[in-house]
Amino acid sequence: MQSLSQLGPSEIFLVARREKPSTRAQLWFTGRLSFRQETNGIRLKNRVEFSPRPVPPNLIAAEKEEAKAVLTLFFKKQGLSNSLSSRLINKSDLFIDHLVSRLHSVHKARYLVGRELTTLEIRDSLIPYLEQLHEEHGDLLAELVVSFPDPPAEPRLVASSPVSVLPPRGDTDSAVDTRKLRAVSRVSELDTEGALRPQTLYLLDLGLNLEQIKTITRKFAAFPYYSLDGKIKPVVEFLLDLGIPKSDIPTILCKRPQICGISLTDNLKPTMAFLETLGIDKNQWAKIISRFPAILTYSRQKLTSTVEFLSQTGLTEEQIGRILTRCPNIMSYSVEDKLRPTMEYFRSLNVDVAVLLHRCPQTFGLSIESNLKPVTEFFLEKGFGLDEIGIMISRYGALYTFSLKENVMPKWDYFQTMDYPKSELVKFPQFFGYSLQERIKPRYELVQRSGVRLLLNQVLSLSGIEFEKVVKKKMMKLVSNNVIAEQSSGGLL
């Protein structure tokens, strides 16, 4: 007898649409996980046996939220907007139930021992299945999701959308609000004795307040359904053992609540070990996770693809390790949509991309159209050549991270009043990194009053004490030269 997990996507879909169930399937633990549907007295041939113990409702609810998140991510990768994806998801309850049923069938051994699936395991199980459905049904996949278990209708194309039939916006907005309200209300839910749920109390003890927990829940509705002893507490204790201060835990959870859905033994620790093989300094994990906890939630494939790209730019393994340690959020950038186009743009300016990545990797997170091109065009308008701009960015990678209007332009305007040629900025583009009011103006005015002349980098890069020493030394030399000149002119007379 064939189980549900052995059926292909089309077979499951055809069975479901041929004999639409009048009652919901129930999922149970012990014994063999099974799936059974009664259809007007007809029992499906692909019957699965039930065990005597049901899956806890809170786990079912959490898995539904995880399945919705995976389906939303999949739709976005197909080019749908956030709002469009949400509208489809909120009309796909039966399909979401089907995805959860599939999870229980594929991972029945895990449920037999009462072990929950992690976020990554759910993602790794459902994405290939959705990809197979998309390959078989193409643009009709959206219809299939909404109409499941009925067959998708013929598409009624909308010019501005790749999806044929969409639910009314009012209905979906209402569904979104209802689901969020249900999850948020769980945060402040009281038991029979008037006490908050243990999960909420534990999070409050960590330093979060109720509003923060509700904000997390609005962004990630599965969070309040996570088991305290099975998921939240083990992850938090592990983070504390790494040396992360307790005061940083609320920030980490607010940034990436999904981290609590990751299995320590099956995902989190192996991911950390894998990243260490890529060069991350294992002694810096506390800082890395506090700075960018999402790095632990990425698939190994994504991590590998980013490292392979960095290697292709000419960086050594040691340099890559330093970049990942200093700027772990570079892992969040898409290789094809962000990193590679940015690399090609800088290469068009004759910039050594490996040097730039090593010095200022955050530059690669900037928008080419909104951030990079306007700065380049500004310097071109001021008379700098492309080669000179390339030298400037190679010498000072942070140059493009500054606001053009609030930083670069005011400092350029002041530079125009300084007695230096433009070539000084090519030699010392770090000029744009110093405070105009607290560093540039006061020091240059002192140099002017002293009557001495210094290179631009001497004016700004020296410490306060060293700067004063250099100015005094120049002044003494100037006085000495003047005395000698006067004596010489007197002798001639």
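This is a predicted model, so every value here is computed, not measured.

Criteria and cut-off values
Residues numbered from 1 in each chain as written. Predicted model: local features only at pLDDT ≥ 70, side-chain atom pairs only at ≥ 80, totals over all residues. Heavy atoms only, no water. 1 Å grid on protein atoms, 1.4 Å probe; cavity = no way out; pocket = protein on both sides within 12 Å on 5 of 7 lines; lining within 4 Å. Points joined across faces, edges and corners; volume = space filled by probe spheres on them. Helix = DSSP H or I, 4+ residues; strand = E, 2+ residues; numbered from the N terminus. Nonpolar A, V, L, I, M, F, W, Y, C, P; charged D, E, K, R; others polar. Domains from an automatic or database assignment. Expected span 1.5 Å × (residues − 1). Buried < 20%, exposed > 50% of the residue type's maximum accessible area, 1.4 Å probe, protein only. Arc of directions from axis to C-beta. Polar contact = N/O pair within 3.5 Å; in protein donor to acceptor, adjacent residues only side chain to side chain. pLDDT = per-residue confidence, 0-100. Contact = heavy atoms within 4.5 Å. Axes fitted to C-alpha atoms, helices over the stretch in contact; angles between N-to-C directions. Parallel < 35°, antiparallel > 145°, perpendicular 65-115°, else oblique. Left-handed = near helix turned anticlockwise from the far one by under 90°.

Attention now goes to empty space enclosed by the protein. In this structure the tally under the stated criterion is one cavity of 30 Å³ or more. Of the voids in this model, the largest cavity is the one considered here, and its volume is about 50 Å³. What lines the largest cavity is simply Val187, Arg197, Gln199, Thr200, Leu203, Ile213, Thr217, Phe223, Pro224 and Ile232. Sorting the residues of the lining of the largest cavity by element identifies α9 (198-206) and α10 (210-219) as the ones contributing at least two each.

This paragraph deals with unusual backbone geometry. In this structure, Asn350 takes a positive phi of about 65° despite not being glycine. Mapped onto the fold, Asn350 is located in the loop between α17 (335-347) and α18 (353-359).

Moving on: the layout of surface pockets. Roughly 1,400 Å³ of internal volume is contained in the largest pocket. As for the largest pocket, its lining consists of 37 residues, of which Ala69, Val70, Thr72, Leu73 and Lys76 are closest to the centre. Among the secondary structure elements, those contributing two or more residues to the lining of the largest pocket are α2 (57-77), α3 (82-89), α6 (119-137), α8 (169-187), α10 and α15 (300-312). For the lining of the largest pocket, the element with the highest residue contribution is α2, accounting for 10 residues. Of the residues belonging to the lining of the largest pocket, the class tally is 12 nonpolar, 11 polar and 14 charged. Mapping the lining of the largest pocket onto the domain boundaries places at least three of its residues in each of domain 1 (57-147) and domain 2 (175-261).

Once that is clear, we can look at helix α23 (residues 436-450). Note that an α-helix has 3.6 residues per turn; residues three or four places apart therefore point the same way. In a regular helix each residue adds 1.5 Å, so 15 residues correspond to 21 Å; α23 covers 20 Å between its end C-alpha atoms and thus fits that length. Taken together, the buried positions of α23 are occupied by Leu436, Ile440, Arg443, Tyr444, Val447 and Ser450. Along α23, the residues classed as buried sweep out an arc of 160° about the axis, all on the same side. With respect to the buried face of α23, the exposed residues turned more than 90 degrees away are Gln437, Glu438 and Arg449. The N-capping residue of α23, defined by a side-chain oxygen 3.1 Å from the backbone nitrogen of Glu438, is Ser435.

On to the confidence of the model for the chain, then. The pLDDT averaged across the chain works out to 80; a share of 78% of its residues lies at or above 70. Here residues 1-53 is a poorly scored stretch, pLDDT under 50, and it has 111 contacts once near neighbours within four places are set aside; other chains count. Contacts for the low-pLDDT stretch residues 154-167, under 50 throughout, to residues beyond four places or in other chains number 21 contacts.

At a minimum axis separation of 11 Å, helix α13 (residues 264-277) and α15 run at an interaxial angle of 10°. It follows from the interaxial angle that α13 and α15 lie roughly parallel. Like other packed secondary-structure pairs, α13 and α15 cross with a definite hand, here right-handed. For the pair α13 and α15, the contacting residues are Pro270, Thr271, Phe274 and Leu275 in the first and Arg300, Leu303 and Thr304 in the second.

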